[in-house]
Amino acid sequence: MKETRNFLESLGFPSTDLKDLPTSTKRFPDGAQYRIELPSTEGPVALKETLDELDRLGIQVHRISQGSGIMLQTDDEIREMCELSAERGIELSLFVGPRGTWDISAQNFTSGGKFIGNRHEGADQLVYAMEDLKRGAKLGLRGALVADEGLLYLTKEMKKAGQLPADFVVKASVQMGAANPVSIKIMQDLGADTYNVPTALTLSKLAAIRQSIDIPIDLYVEVPDNLGGFLRYYEIPEIIRVLAPVYIKFGLRNHMDVYPSGQHLEDLNVNLVKERVRRAAIGIQMIERYYPEATTSELGAKGLGIAKVTLPTEI
């Protein structure tokens, strides 16, 4: 294997998983090692409850994301979410839609076809996704989740062409599935501003990925059941040390899938976001207890996709 390992190293990639877990010297633009993300905040009502619960527990998060998508929010709902998050200096990231699992294809739901995940099927779905991004940006949104390599490349070209703001943060979803240093470096080159790695990678595998990319890594430390359902709370200090810059992401176990969401699931969503905030408080206490010297960002820090609130007449 020596020849193969040497070849990988000649290309600038690690030739083995980094079992010694080196300390990352990479940082966010403001010098911080970690930020906090809360996912699955489905709509303005859930967002308000999230913010109220953050205040009650006296903690802060840097990014709030949502999975149902730009497509399933009205203009007023997107504006309201932009306003609520921008007031706090929190990045808001909404998923692009429609994706493959919402199309008429059945392959996504078969045991052998799950690898297709949330990719876009055909040229029309790419057009729909690009329209979703343009609509969100016009309403003030400055962050979105993408789960398709083709769309990732197109976001990069859209920024070059002025169809998306240059400061629009493109977050590669955990559904993207790339799981090694070379594949994730390709995602960075295609246009990912931040990459959500698969949930079950060991620290040594993650350390090798960190060596190969400069963009922030997003990592679930509590994982929804449909992505594994495990908890990595005691690993958080080492995750920060080894993977900085990293988003520590708090999902939630033991609940039904709420995508795509809406008013019919509002009460459930409110309860779920409250518990995610509680889980984040537990995780933050882990950091304070076991890695108090770790540095985090202030709200509104450089590099966050803070929404630019617009008025209807400005669109």
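Scroll up a little and you will see the structure.
Residues numbered from 1 in each chain as written. Predicted model: local features only at pLDDT ≥ 70, side-chain atom pairs only at ≥ 80, totals over all residues. Heavy atoms only, no water.

K.L.:
Explain the sheet that holds strand 5 (residues 169–172) to me, please; I cannot follow it from the model alone.
P.N.:
One key point about sheets: their strands pair by backbone hydrogen bonds, in either a parallel or an antiparallel sense. Here 8 strands make up a closed barrel; going around it, the order is 1-2-3-4-5-6-7-8 and the pairing parallel. Adjacent strand axes in the sheet meet at a mean angle of 30°, parallel and antiparallel pairs treated alike. Taken together, the 2 bridges between strand 1 (residues 34–38) and strand 2 (residues 63–66) define a ladder with parallel strand orientation. Across the sheet, Glu37 pairs through a bridge with Arg63, a residue of strand 2. (Pairing = 2+ DSSP bridges. Helix = DSSP H or I, 4+ residues; strand = E, 2+ residues; numbered from the N terminus. Axes fitted to C-alpha atoms, helices over the stretch in contact; angles between N-to-C directions.)

K.L.:
Looking at this model, I keep getting lost on the pairing of strand 3 (residues 91–95). Mind explaining?
P.N.:
Remember that side chains alternate between the two faces of the sheet whenever the strand is regular. Counting buried positions along strand 3 gives 5 out of 5 residues, so the element sits mostly inside the fold. With burial as the criterion, each face of strand 3 is covered, one bearing Glu91, Ser93 and Phe95 and the other bearing Leu92 and Leu94. Where strand 2 meets strand 3, 4 bridges bridge the pair, whose relative direction is parallel. Within the sheet, the bridge partner assigned to Ile64 lies in strand 3 and is Leu92. For the segment spanning strand 2, helix 3 (residues 75–88) and strand 3, crossover handedness is right-handed. Relative to strand 4 (residues 143–146), strand 3 runs parallel, the two sharing 2 bridges. From the neighbouring strand, Leu94 faces strand 4, where its bridge partner is Ala144. (Buried < 20%, exposed > 50% of the residue type's maximum accessible area, 1.4 Å probe, protein only. Right-handed = clockwise from strand over helix to strand, strands pointing away.)

K.L.:
Please explain the packing of aromatic side chains as it appears in this structure.
P.N.:
By convention here, two paired aromatic rings are described through the distance between centres and the angle between planes. Inspection of the entire model under this criterion finds 3 aromatic pairs. Their ring planes at 80° and their centres at 5.3 Å tell us that Phe28 and Tyr247 sit as a pair that is edge-to-face. In this pair, Phe28 is assigned in the loop between helix 1 (2–10) and strand 1 and Tyr247 in strand 8 (residues 246–250), connecting sequence segments 219 residues apart. Judged by its relative accessible area of 2%, Tyr247 falls in the buried class. With centroids separated by 5.9 Å and ring planes inclined at 45°, the aromatic side chains of Tyr233 and Phe250 adopt a geometry described as tilted. Here Tyr233 is found in the loop between strand 7 (217–222) and helix 8 (236–243), whereas its partner Phe250 is found in strand 8, with 17 residues between them in sequence. The ring of Phe28 has Arg35 lying over it, and the distance from NZ or CZ to the ring centre is 4.0 Å. (Phe/Tyr/Trp six-rings, centres within 6.5 Å; stacked < 30°, edge-to-face > 60°. Lys NZ or Arg CZ within 6 Å of the ring centre and 35° of its normal.)

K.L.:
Where do I start with the side chain of Ser85 in this structure?
P.N.:
Along the chain, Ser85 turns up in helix 3. Overall, Ser85 belongs to the buried group, its relative accessible area being 1%. Those residues within four positions of Ser85 in sequence are excluded, and the remaining contacts are Leu47, Ile90, Leu92 and Ala307. (Contact = heavy atoms within 4.5 Å.)

Don't take any of this as a statement about function, it's just geometry.
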